[in-house]
Amino acid sequence: MTLFFFFGLSIAIFLFLLILVKRNKNNADYILAIWMGYMTVHLTFFLLDYSKFSYEHPHLLGILLPFPILHGFFLYSYTLQTTTNRFFSAKVLSLHLTPFLLLVILAVPFYSLPAAAKLQVFQNQGRGFEWNSAVQMGLFVTVCLTYSTVSILAIKRHRRQMLNLFSNNDRKKLVWLEWMSLGLGAIWVLAFSFDDTVIFSGVVLFILFIGVFGITQTPVFFTTVQEERLIDESTTTQGEQGQEKYQKSGLTPEETARLSDLLETYMQQNKPYKNPDLTLDELAALVKINPNQLSQVINSRAGKTFYHYINSYRIREFLALAALPESRKFTYMGLAYDCGFQSKTTFNKYFKM
C-alpha cells in the first residue's frame, strides 16, 4: 500500500506543477493549484504517519488533525469560481474558514503535550481525546457533505445558465466536476466505518480521477477567454433577475416583433446555426442586436432557450438534408455534423437512430 500512496502523491505533485505552468491561468486554476498543493501536503503527512516515521519524531504527530475539513471548502470554491467567475468576500471567507480554525483550537491541548505523551496517545488509539475525535468527525462529515451538496447544486444552476449562452454545451456541463463532488462526499461516508488506509486509498483514486478526467476539460488545463467572459456575464444577465432585466430593456412589443422577424430572416438566409460553436454573443453581433435583447426575443417570442432555439434549426436542416436522394451516400452523423451538431450525444437527444 505504501507504493500506492506514493503513486498518488506523485500524481498530486504532477498535477500541481502542470496547473502552475499553464499559460493564462484564471482564478479557478489558482484555486485548483492551491488545492492540489494542499493535497500534496496532506498526503505527505499521512505517509509520514503510515510509515511510522512520525512515531520516531512525535512532534509531527497530530499535524493532520484539522486538515481534512478544508477539502470541502476547496471543492466549493473551485466550483463557484468555475461556474460564476466569483469568489467570496473577506467576511464570507472568514466564515468558511471558521470550522478549520475551530478544529485547530480544539487540537491545542494535544499540540501542547510533550512528544512522549503525543506518542502514547496515538499508540493508545486516541485514549483521553475521544471527545476531540467525536467533534472532529462530526464536523468533517457534516461540513464536507454540505459542501459536496451545494457544489452539485451550483453545477446544475450553471447548466441552466449555459442553455441561454451556448448552442452546444456538451463540454460545458461539468459532469466530471459533479462526479468530483459526489466522490468527495463518498470519501466522507467511508470515514464513518473505515480506517485511514481505506480513506486515503479513496483520496488517491480521487486524485487520479482529477488527473484522468480533469486534464481533458477545457475549463481546467486550457484557457477559454471567451467562455470565461460569457460565464461571467451569465451571472448578471441570465440569473434570477432575468425578468427584471427584460422589464428594463426598453423593448416594446412592436420592437420585439420586429427584431424577431429580423432574426428569423437572418437564420433562414445565412444559416449561422451550422457553426457548431455558435454563442449568443456571436449571433447578436451577426444580426446586430444587443445580446440582452436577443436573449429576450428568443425567450419570449420563440419560448425557448438559446440552446434549444439554435438546435431546432439544426433539426430542421438535418431533416431537409436527410430527405434528399443525394444524401443517401452520407451517414446520419455526417449530415448531423454538417448541420452544426457537435457531438453524437447532442444529436441523440433529438433522434434515436
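Residues numbered from 1 in each chain as written. Predicted model: local features only at pLDDT ≥ 70, side-chain atom pairs only at ≥ 80, totals over all residues. Heavy atoms only, no water.

Student: Can you lay out the overall build of the chain for me, pointing to particular residues and giving the numbers?
Tutor: For the chain, the count of helices and strands is 19 helices and 0 strands. The long-range fraction of contacts in the chain, counting pairs at least 24 apart against all pairs at least 6 apart in sequence, stands at 72%. Total accessible area computed for the chain in this model is approximately 17800 Å², and 62% of it derives from carbon and sulfur atoms. (Helix = DSSP H or I, 4+ residues; strand = E, 2+ residues; numbered from the N terminus. Contact = heavy atoms within 4.5 Å. Areas by Shrake-Rupley, 256 points an atom, 1.4 Å probe, with all protein chains shown as cover.)

Student: Just give me the short version of the nonpolar core, but keep the residues and values in it.
Tutor: In terms of nonpolar packing, the biggest core is built from 52 residues, with Trp35, Met36, Leu177, Met180, Phe206 and Ile207 touching the most fellow members. Those elements that place two or more of their residues in this core are α1 (2-20), α2 (27-50), α4 (70-84), α6 (98-111), α8 (130-162), α9 (175-193) and α10 (196-214). For this core, the element with the highest residue contribution is α2, accounting for 11 residues. Not counting residues within four places of it along the chain, the set of residues in contact with Trp35 comprises His71, Phe74, Leu75, Met180 and Phe206. (Core = buried A, V, L, I, M, F, W, Y, C linked by side-chain atoms within 4.5 Å. Buried < 20%, exposed > 50% of the residue type's maximum accessible area, 1.4 Å probe, protein only.)

Student: Lay out a nonpolar patch on the surface with the relevant residues and their values.
Tutor: A grouping of Ile13, Leu17, Leu20 and Val21 is seen on the molecular surface, where their side chains present a nonpolar patch of about 340 Å² in accessible area. Along the chain, Leu20 turns up in helix α1. (Patch = residues over 30% accessible without salt bridge, like charges linked within 9 Å, V, L, I, M, F, W, Y side chains within 5 Å. Salt bridge = Lys/Arg side-chain N within 4 Å of Asp/Glu carboxyl O.)

Student: Tell me about the pattern of salt bridges, and please be specific about residues and values.
Tutor: Enumeration over the complete set of coordinates arrives at 6 salt bridges. Between Lys156 and Glu178 there is a salt bridge whose closest N-O contact spans 3.3 Å. Of the two residues, Lys156 sits in helix α8 while Glu178 sits in helix α9, which places them 22 residues apart along the sequence. The residue Arg258 makes a salt bridge to Glu255 at a minimum N-O spacing of 2.7 Å.

Student: Please provide a residue-by-residue account of the packing of helix α15 (residues 280-287) against helix α16 (residues 291-302), values included.
Tutor: When two helices pack together, their arrangement is given by the angle between the helix axes and by the axis-to-axis distance. Interhelical geometry of α15 versus α16 gives an angle of 100° and a closest axis separation of 9 Å. Put simply, α15 runs roughly perpendicular to α16. On the side of α15, the interface is formed by Leu280, Asp281, Leu283 and Ala284, while α16 contributes Pro291, Leu294 and Ser295. Its residues placed into classes, the contact of α15 with α16 shows 5 nonpolar, 1 polar and 1 charged. (Axes fitted to C-alpha atoms, helices over the stretch in contact; angles between N-to-C directions. Parallel < 35°, antiparallel > 145°, perpendicular 65-115°, else oblique. Nonpolar A, V, L, I, M, F, W, Y, C, P; charged D, E, K, R; others polar.)

Student: So what's going on with the packing of aromatic side chains? Which residues, and what values?
Tutor: Inspection of the entire model under this criterion finds 24 aromatic pairs. Look at Phe46 and Phe200: their rings are 3.9 Å apart centre to centre, the planes differ by 10°, and that puts the pair in the stacked class. Here Phe46 is found in helix α2, whereas its partner Phe200 is found in helix α10, with 154 residues between them in sequence. By relative accessible area, which is 4% here, Phe46 ends up buried. Members of the aromatic cluster, joined through ring pairs, are Trp35, Tyr38, Phe45, Phe67, Phe73, Phe74, Tyr76, Phe87, Phe88, Tyr147 and Phe206. Stacked on the ring of Tyr55, the Lys or Arg Lys52 has its end atom at 4.4 Å from the ring centre. Positioned above the aromatic ring of Tyr313 is the side chain of Arg316, whose terminal nitrogen or guanidinium carbon lies 4.5 Å from the ring centre. (Phe/Tyr/Trp six-rings, centres within 6.5 Å; stacked < 30°, edge-to-face > 60°. Lys NZ or Arg CZ within 6 Å of the ring centre and 35° of its normal.)

Student: Summarise helix α7 (residues 115-123); cite the residues concerned and give the values.
Tutor: Within the sequence span of α7, burial applies to Lys118, Leu119 and Val121. Mapping the buried residues of α7 onto a view down its axis gives an arc of 160°, with all of them on the same face. Buried residues along α7 sit against α3 (53-56) and α6. Count one or two residues on from α7 and you reach Gln125, which has phi positive near 60°. (Arc of directions from axis to C-beta.)

Student: Lay out α6 with the relevant residues and their values.
Tutor: Helix length check: α6, at 14 residues, gives a terminal C-alpha distance of 19 Å against a target of 20 Å (1.5 Å per residue), a fit within 8%. Of the residues making up α6, those classed as buried are Pro99, Phe100, Leu103, Leu106, Ala107 and Phe110. Against the buried residues of α6 lie α2, α4, α5 (90-96), α7 and α8. (Expected span 1.5 Å × (residues − 1).)

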